[in-house]
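Fold and contact review
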Amino acid sequence: MPLLASIYPGTLYPPNWIFAVMSPGIAINLVVISTYHLAIIGSYRYARALGLNRIAALLAGMVFAFGGFMITSMGQAATITTACWLPWILLAIEKLYRSPWCWMISGAVFIALQLFGGVPQITLYTSLVAGSYFLFYTANSDAVVRGNGV
């Protein structure tokens, strides 16, 4: 099967390149473990950006990473490698007004990594969530700038 002809194998997803140098059993374990770490760290950083304290942010990270969707999808590595980028994308949107170029580039990288993860449906769901969040954030930021409050 030509691996570059389909998005589902995740051939362009950088953590999957470990399959080229390690045995499949070790490689899949490393990919899954690193994916859950990415989910925890991304959720933690996003929660901290929202103003939560460290304990609450850690709890948010654990709930996202070990919640129902991520645990039931553990057998489908492409699904979790795609879904783990949601908090990173929301973090980029949250920080967009503070440092626009840095977080615009970071957000584009996060979206590309999510798309290369292998499940385009998850990227569609993320675009719906992130688009709505961006519109809400933009509307409220404009209200604060105009002095209308939140």
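Predicted model, so just to flag it, every value in this text is computed and none were measured.

Regarding its fold elements, the protein chain presents seven helices and zero strands. In sequence order, the protein chain lays out its α and β elements as α-α-α-α-α-α-α. Along the first, second and third principal axes, the C-alpha set of the protein chain runs to 60 × 35 × 25 Å. Residues classed as buried in the protein chain amount to 36% of the 150 residues present. Across the protein chain, the fraction of contacts at a sequence separation of at least 24, relative to all contacts at a separation of at least 6, is 62%. A total accessible area of about 8,700 Å² is found for the protein chain, and carbon and sulfur atoms account for 74% of it.

Mean pLDDT over the protein chain works out to 91, with 93% of the residues at or above the 70 mark. The low-confidence segment residues 144-150, where pLDDT is below 50, has five contacts with residues more than four positions distant or belonging to other chains.

The next point concerns helix H5 (residues 86-94). The element H5 is largely enclosed, with a buried count of eight among its nine residues. Taken as a whole, H5 has its buried residues at Pro87, Trp88, Ile89, Leu90, Leu91, Ala92, Ile93 and Glu94.

Rules used throughout
- Residues numbered from 1 in each chain as written.
- Predicted model: local features only at pLDDT ≥ 70, side-chain atom pairs only at ≥ 80, totals over all residues.
- Heavy atoms only, no water.
- Helix = DSSP H or I, 4+ residues; strand = E, 2+ residues; numbered from the N terminus.
- Buried < 20%, exposed > 50% of the residue type's maximum accessible area, 1.4 Å probe, protein only.
- Contact = heavy atoms within 4.5 Å.
- Areas by Shrake-Rupley, 256 points an atom, 1.4 Å probe, with all protein chains shown as cover.
- pLDDT = per-residue confidence, 0-100.

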